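# Examination of the molecular architecture
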Amino acid sequence: MKLIGWAVAFFYLIYAGETFGYYETRLSGESLIEPEGKKSKQSNSFHNSDVVWAVNVGGGEYVGLDGIHYQAEQYVNGGTQGEIDKILGSQDSFLYQSYREGDLSIDYPIENGEYILVFHFAEPLDIEMDGRLFDVIAQDQTVITDLSIRLARDGKHKSGLVTAVSNVKVTEGRLKIRFEASAGEPILSALVVRKTNEDNRKWNLIWHDEFEGNTLDESKWTIDVWPAFKVNSEDQAYTAREKNIRLSDGKLIIEAHKESLDGAEYTSGRIHSKGKGDFHYGKAEIRAKLPPGQGTWSAIWMLPSDPYKYSTTCKLDEDWQGSRTCDAWPNSGEIDIMEHVGHDMGTVWGTVHNKAYYWINWEQRKGSIIQDGLNKNFHLYSVEWTPDHIHIFLDNKLYFTYINEGTGWKAWPYDHPYHLILNLAIGGNWGRAGGPIDNSIFPVQMEVDYVRVYQLAE
């Protein structure tokens, strides 16, 4: 997959008939359909003001759980309308129950500028992974290449996929998108168009590390020393050696090597801020450069500082990470600010895990954004976490949202302090999903420029 740009945008009305179309953000739903038994979240209105246009392809008007108002299908041409009876993996399953497939295109009148496009897809059929492959072309530039919805959605059909692209430039007053298939037919369920704007809210810095000095600040971080295969079938051993974790030129370097150590064939590093940088709601920003190469699996993420808060089967002080009997995970939650695997170089994922929605029950909630040069340039990975929502961004561009449904801890265990983890895994279930580890890539690094945690001023 190849990603162009996406923009998290600003609310405004654009109208004048065929000149600029029309979009309005509603948060109450009124006569529109809302998620059954749920209401859209008023507290999400700041980020909804960035939405320029949203359309439910093949379906009627709809207000998402996040408050986004999707227009009934308009400005969508061609293709055949279809329906899916049931969708997993999304808080807005209604959006994916209608779609168009075939020779379809979008031609929407819009103000000139730079936009983020957030596509919603679902594979309705139990087909082979390569049974449906297509490109997405926006403004005559290919922004997504050889998309297999089922492969991108962990091999599952009838499961919602959110994929964003950014920096889509409109210069002649029309947003034009088309789809070209190399296998099967293109398909689309919904589209959101955003325009990036400055966040002028006041955030107070409460914890940070600029990685200046000669050694890792142990008052802020703890190094994990773990054997291979402790979690996620990861192939590396995590060590505390300077070879794997060090500071250099104002950067944190986490470096993986191909070497034999304590039964492992690879070594790398993993650090966390538990008990030293815990926080409860706020925003975390991490500026990092990601490693290339098949077999790498880098992550910037969060775990609960009290992992036993919602556990039901754990023994006192049990080592729950990698345990097959302790249900601290997924019960007490996980927030993935950034995950990246080297076999899909241009894609970054944001995900939440909890008891109600995780991969075992096909209900994992996640989104992705495509971006070139992740291993060549530093990018900003961030999360905004409130009592009502979790937003995940790349370079301040919102691409994934998870809303507190108000149904209790199984779907929202995010009501207690969490801490940050930075690690570079090798192999593992996901790292090896694209094929064998490429041993020619080593040594390989993840570089981190800074980590900053903020809370919103009252």
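In the block above lies the structure referred to throughout.
Keep in mind that this is a model prediction, so the values were computed, not measured.

### What about the state of the cysteines?
Scanning the model with the defined rule gives one disulfide in all. In this model, Cys314 is linked to Cys326 through a disulfide, with the two sulfur atoms separated by 1.8 Å. Measuring handedness by torsion sign, the sulfur bridge of Cys314 and Cys326 sits at about 85° and is right-handed. Taken together, the residues span a long stretch of sequence, with Cys314 in the loop between strand 21 (296-304) and helix 4 (328-331) and Cys326 in the loop between strand 21 and helix 4 at a distance of 12 residues.

### Details of unusual backbone geometry
Glycine aside, the phi torsion of most residues is negative, and most peptide linkages are trans. A cis amide bond, omega 15°, links Trp329 with the succeeding residue Pro330. Structurally, Pro330 can be placed in helix 4. Residue Pro443 is bonded to the preceding Phe442 through a cis peptide linkage, with omega at -5°. Looking at where Pro443 falls in the secondary structure, it is placed in the loop between helix 5 (428-431) and strand 29 (444-456). Although it is not a glycine, Asp146 adopts a positive phi angle of roughly 50°. By secondary structure assignment, the location of Asp146 is in strand 8 (residues 141-147). Given a relative accessible area of 45%, Asp146 falls into the partly exposed group. Positive phi, normally seen in glycine, also occurs at Asp317, with a value near 55°. Tracing the chain through its elements places Asp317 in the loop between strand 21 and helix 4. By relative accessible area, which is 64% here, Asp317 ends up exposed.

### Side note on the side chain of His391
With respect to the element layout, His391 can be found in strand 26 (residues 389-394). Within the local environment of His391, its side chain forms a polar contact with the side chain of Thr401, the two groups lying 2.8 Å apart. When neighbours within four sequence positions are excluded, His391 is seen to be in contact with Asn44, His47, Ser382, Val383, Glu384, Leu398, Phe400 and Thr401.

### Things to note about the nonpolar core
Proteins that are soluble and globular tend to have nonpolar side chains buried together. Ranked by size, the top nonpolar core spans 103 residues in total, and within it Leu117, Phe119 and Leu422 carry the most contacts. Trp301, Trp320, Cys326 and Ala328 belong to the second-largest nonpolar core, a separate cluster that totals seven residues.

### Things to note about empty space enclosed by the protein
Counted by the stated rule, this structure contains two cavities of 30 Å³ or more. In this model, the largest cavity occupies a volume close to 360 Å³. Along the walls of the largest cavity sit 24 residues, with Asp66, Asp92, His120, Val162 and Thr401 positioned nearest its centre. When residues of the lining of the largest cavity are traced back to their parent elements, those giving at least two are helix 2 (93-96), strand 6 (113-121), strand 9 (161-170), strand 12 (190-194), strand 24 (365-370) and strand 27 (397-403). With five residues, strand 27 is the single largest residue contributor to the lining of the largest cavity. The calculated volume of the second largest cavity comes to roughly 30 Å³.

What counts, and at which threshold
Residues numbered from 1 in each chain as written. Predicted model: local features only at pLDDT ≥ 70, side-chain atom pairs only at ≥ 80, totals over all residues. Heavy atoms only, no water. Disulfide = S-S within 2.5 Å. Helix = DSSP H or I, 4+ residues; strand = E, 2+ residues; numbered from the N terminus. Buried < 20%, exposed > 50% of the residue type's maximum accessible area, 1.4 Å probe, protein only. Polar contact = N/O pair within 3.5 Å; in protein donor to acceptor, adjacent residues only side chain to side chain. Contact = heavy atoms within 4.5 Å. Core = buried A, V, L, I, M, F, W, Y, C linked by side-chain atoms within 4.5 Å. 1 Å grid on protein atoms, 1.4 Å probe; cavity = no way out; pocket = protein on both sides within 12 Å on 5 of 7 lines; lining within 4 Å. Points joined across faces, edges and corners; volume = space filled by probe spheres on them.

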